[in-house]
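Each chain, written out:
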Amino acid sequence: MTSTAMKLTAVHALLALIVGLNAGAATAQQVFRIVGPDGKVTFSDQPPPASSNAKVTAAASDNSARGAANSSLPFELRKVTGQYPVTLFTGDNCGPCGSARSLLTTRGVPFTEKTVTTNEDSQALQRLSGESVLPFMTIGSQQLKGFSDAEWTQFLDAAGYPKASVLPASYRQAPATPLVTVSASPAPAAARVGTAAPAPAATPVTPPPTPDNPAGIRF
């Protein structure tokens, strides 16, 4: 077999992988954070059945936003992003993540970026990819773990993304968002039922009062 034939066979194999897995692309891009009746938290790419009485408190899905952003793209690019949407998962202080982002940006590949910075993000990434390697990218439902310029370029080529940017001048890349958005903690029971908080101690009158030191709250 000639080297040209071998290269064509490899590209066809890559495309076959993407096409074969494309049917599961929608669920592969979505993670649900599920709190069961017993308070146990799990992550899944499938929503819980209604009969489970579980509460879905967060989900990582950008299909509607992605569709709105892609509506202004040239037809061919809009077509390939619809078939094989790209999602990039990145972390803090990750040099290869910056290289991966640069590759997509320079080539003009529209993509959704998800940041992995919390324990819950890491658990969700583990659920998606089976590992905690960053950067992590999906093209449709094809997974690429760890950055490799040659490998990622080969898969983008096989999916049909243009080799050079054809993005319109008005296109703006959406900002990165956390992989898992955690709902705020519920208010304390006393506050929920309207129970008054204990009254503060009276300030002494004779000695001068000590200036208060306000407490700060961090999220």
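Being a predicted model, the structure only gives us computed values, none of them experimental. (Residues numbered from 1 in each chain as written. Predicted model: local features only at pLDDT ≥ 70, side-chain atom pairs only at ≥ 80, totals over all residues. Heavy atoms only, no water.)

Digging into the packing of aromatic side chains
What the rule picks out here adds up to two aromatic pairs. Both rings, one in Phe-89 and one in Phe-136, keep their centres 5.1 Å apart while their planes meet at 40°; by these two values the pair is tilted. Here Phe-136 lies in strand β6 (residues 136-139) and Phe-89 lies in strand β4 (residues 86-90), a separation of 47 residues in the sequence. With respect to burial, Phe-89 and Phe-136 carry one shared label: buried. (Phe/Tyr/Trp six-rings, centres within 6.5 Å; stacked < 30°, edge-to-face > 60°. Helix = DSSP H or I, 4+ residues; strand = E, 2+ residues; numbered from the N terminus. Buried < 20%, exposed > 50% of the residue type's maximum accessible area, 1.4 Å probe, protein only.)

Considerations on helix α5 (residues 95-107)
Taking 1.5 Å of rise per residue, 13 residues should cover 18 Å, and α5 covers 19 Å from first to last C-alpha, within 8% of that figure. Residues of α5 that are buried: Cys-97, Ala-100, Leu-103, Leu-104 and Arg-107. Looking down the long axis of α5, one finds its buried residues gathered within 120° of arc, a one-sided arrangement. Across α5 from its buried face, at more than 90 degrees, point the exposed residues Gly-95, Thr-105 and Thr-106. At the C-terminal side of α5, Gly-108 shows a positive phi close to 80°. (Expected span 1.5 Å × (residues − 1). Arc of directions from axis to C-beta.)

Digging into the packing of α5 against helix α7 (residues 149-159)
Following both chains from N to C, one finds α5 and α7 inclined at 40°, their axes separated by 11 Å at the closest point. Two packed elements cross with a definite hand, and for α5 against α7 that hand is right-handed. Residues Ala-100, Leu-103, Leu-104 and Arg-107 of α5 lie in contact with α7, whose contacting residues are Asp-149, Trp-152, Thr-153, Leu-156 and Asp-157. Residues of the contact of α5 with α7, tallied by class, amount to five nonpolar, one polar and three charged. (Axes fitted to C-alpha atoms, helices over the stretch in contact; angles between N-to-C directions. Left-handed = near helix turned anticlockwise from the far one by under 90°. Contact = heavy atoms within 4.5 Å. Nonpolar A, V, L, I, M, F, W, Y, C, P; charged D, E, K, R; others polar.)

Let's talk about the sheet that holds strand β7 (residues 142-145)
With mixed pairing, the five strands of this open sheet are ordered in space as β7-β6-β4-β5-β8. At either margin of the open sheet sits one strand with a lone partner, and together these are β7 and β8 (177-178). Here four bridges tie β6 to β7, and the two strands are oriented antiparallel to one another. Bridge pairing links Ile-139 to Gln-142 in β7. (Pairing = 2+ DSSP bridges.)

Describing the nonpolar core
Grouped together as the largest cluster of nonpolar side chains are 20 residues, with contacts concentrated most on Val-86, Leu-104, Met-137, Ile-139 and Tyr-161. Breaking this core down by element, the ones donating at least two residues are α4 (75-83), β4, α5, β6 and α7. With four residues, the single largest contributor to this core is α7. Grouped together as the second largest cluster of nonpolar side chains are eight residues, Phe-89, Val-116, Ala-124 and Leu-179 included. (Core = buried A, V, L, I, M, F, W, Y, C linked by side-chain atoms within 4.5 Å.)

Details of the pattern of salt bridges
With the rule as written, the count across this model stands at four salt bridges. Between Arg-101 and Glu-113 there is a salt bridge whose closest N-O contact spans 2.8 Å. Pair noted here: Arg-101 is in helix α5 and Glu-113 is in strand β5 (residues 111-115), with a separation of twelve residues, a long-range link. Between Glu-131 and Lys-145 there is a salt bridge, with its nearest N and O atoms 3.6 Å apart. Residue Glu-131 is found in the loop between α6 (119-129) and β6, and its partner Lys-145 is found in strand β7; the two are separated by 14 residues along the sequence. In this structure Glu-131 comes out as partly exposed when scored by relative accessible area, which is 34%. Connected through shared salt-bridge partners, Arg-107, Asp-157 and Lys-163 make up one network. (Salt bridge = Lys/Arg side-chain N within 4 Å of Asp/Glu carboxyl O.)

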